[in-house]
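Listed below are the residues making up each chain.
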Amino acid sequence: MSLSYSKRINRPRGRFLNPFSSYSSRINIFRGNPDIDPAYTNAIDLGYLKRWKKLTFNTSTYVNLTDDSFQFIRRESGLFVDGVPVIESTPINLATEIRVGFEFNINYSPYKWWRINTNFNFFRNETQGDYSYTNSLGNEVVQNFDNIATSWFTRVSSKITLPYKIDWQTNATYNAPENSAQGKRYSITSVNLAFSKDVLKEKGTIAINVSDLFNSRKRRSEINLPTVSSYSEFQWRQRQINLSFTYRFNKKEK
């Protein structure tokens, strides 16, 4: 059993800072915030690790307290498309965030040719903060972002060695829905597959992988503002199939 304390700095990068708009649709735009400040997190973690012959079990309980946490807020931009208000999404230092949860990891090898890794994380997230903006009617809107939500996510990875030393790996991820002060984020499920085979006396590797097998890795959310509601759906990349060959000069695969 172990107890640890740490203090982390989460600095905004990339799209968080870019002040130029990017359009996900005609009525939804994203704009970065160059004035956003780093967020500071105090973290306490209590962990336990146990090993058996074929099984390793690791679990922990944690508490994270974050000041000036990043929050994505949605607001009316003042623009209209065919009479529909355009919603702008941007990150700001809005709130204090308290996250309490537990997680566990299991590494299991039932046979020499099969290895399974599982991770599960359940948490309770509490935010406290207020935000005000001027809507399309010229009225000031003050929204309270005090919110308590519970959610969880899990990952499963399986690696099987097939005949002729062909490796088959499957990765599956599920993120459960989560409510926010302005709406709801829906669940996300994704599955990846990969097959690989060492050739040329283990100096080369041929691999084929399928990313997002069921084409389901989509970020879906519902936003409810005082004067308008919206639904958005975003997909990072559609299902892809890649074939690759790697050759290692004077070096075998480790």
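As the structure is a computational prediction, the values presented were derived from the model and not from experiment. (Residues numbered from 1 in each chain as written. Predicted model: local features only at pLDDT ≥ 70, side-chain atom pairs only at ≥ 80, totals over all residues. Heavy atoms only, no water.)

A separate point is the overall build of the protein chain. Per the secondary structure count, the protein chain includes 0 helices and 18 strands. Compactness check: the protein chain gives a C-alpha radius of gyration of 23 Å against a globular reference of 18 Å for 254 residues, more than 25% above the reference. Looking at the protein chain as a whole, 30% of its 254 residues are labelled buried. By sequence separation, contacts in the protein chain at least 24 residues apart represent 58% of the contacts at least 6 residues apart. (Helix = DSSP H or I, 4+ residues; strand = E, 2+ residues; numbered from the N terminus. Rg over C-alpha atoms; globule rule 2.2 N^0.38 Å. Buried < 20%, exposed > 50% of the residue type's maximum accessible area, 1.4 Å probe, protein only. Contact = heavy atoms within 4.5 Å.)

Before going further, it helps to spend a moment on the pattern of salt bridges. Taken as a whole and assessed by the stated rule, the structure comprises 5 salt bridges. Residue Arg31 is joined to Glu88 by a salt bridge in which the shortest nitrogen-to-oxygen separation is 2.7 Å. Taken as a pair, Arg31 in strand β3 (residues 28-31) and Glu88 in strand β6 (residues 84-111) lie far apart in primary sequence, 57 residues in all. Here Glu88 ties to Arg75 by a salt bridge, and the two come within 2.8 Å at their closest N and O atoms. With Glu88 in strand β6 and Arg75 in strand β5 (residues 55-81), the pair connects residues that are 13 residues apart, well separated along the chain. The partly exposed category is assigned to Arg75, whose relative accessible area is 22%. It is possible to trace a salt-bridge network through shared partners that takes in Arg31, Arg75 and Glu88. (Salt bridge = Lys/Arg side-chain N within 4 Å of Asp/Glu carboxyl O.)

The 4 strands are arranged β12-β13-β16-β17 in an open sheet whose pairing can be described as antiparallel. At either end of the open sheet lies a strand with only one pairing partner, and these are β12 (178-180) and β17 (229-235). Averaged over neighbouring strand pairs, the angle between their axes works out to 15° when direction is ignored. Summarising the sheet, strand β16 (residues 218-224) and β17 pair through 7 bridges and their orientation is antiparallel. Each bridged residue has a counterpart across the sheet, and for Ile223 the counterpart in β17 is Ser230. (Pairing = 2+ DSSP bridges. Axes fitted to C-alpha atoms, helices over the stretch in contact; angles between N-to-C directions.)

Taken as a whole, this structure holds 12 aromatic pairs when the rule is applied. Centroid distance Trp168 to Phe195: 5.8 Å. Interplanar angle 15°. Geometry classified as stacked. Of this pair, Trp168 sits in strand β11 (residues 166-175) while Phe195 is found in strand β14 (residues 188-199), placing the two residues 27 residues apart along the sequence. Aromatic side chains Tyr247 and Phe249 sit 4.9 Å apart centroid to centroid with 80° between the ring planes, which places their arrangement in the edge-to-face category. Through a chain of ring-to-ring contacts, three or more aromatic side chains come together here, namely Phe57, Phe102, Phe104, Phe120, Phe122, Trp152 and Tyr174. Lying over the aromatic face of Phe123, Arg99 brings its terminal NZ or CZ to 4.1 Å of the ring centre. (Phe/Tyr/Trp six-rings, centres within 6.5 Å; stacked < 30°, edge-to-face > 60°. Lys NZ or Arg CZ within 6 Å of the ring centre and 35° of its normal.)

Bringing a negative patch on the surface into the picture now. Together, Asp35, Asp37, Asp67 and Asp68 give the surface a local cluster of negative charge. Of note, Asp67 is situated in strand β5. The partly exposed category is assigned to Asp67, whose relative accessible area is 37%. (Patch = residues over 30% accessible without salt bridge, like charges linked within 9 Å, V, L, I, M, F, W, Y side chains within 5 Å. Areas by Shrake-Rupley, 256 points an atom, 1.4 Å probe, with all protein chains shown as cover. Lys, Arg positive; Asp, Glu negative; His and termini not counted. Charge placed at Lys NZ, Arg CZ, Asp CG, Glu CD.)

Along the chain, the position of Asn250 falls in the segment after β18 (240-247). Residue Asn250 is classed as exposed on the basis of its relative accessible area of 77%. Distance in space between the C-alpha atoms of Asn250 and Lys203 is 7.8 Å, their sequence separation being 47 residues.

Along the chain, the position of Trp52 falls in the loop between β4 (39-51) and β5. Take Trp52: its relative accessible area is 48%, and that puts it in the partly exposed class. Distance from Trp52 to Tyr108, taken between C-alpha atoms, is 9.5 Å for residues 56 residues apart in sequence.

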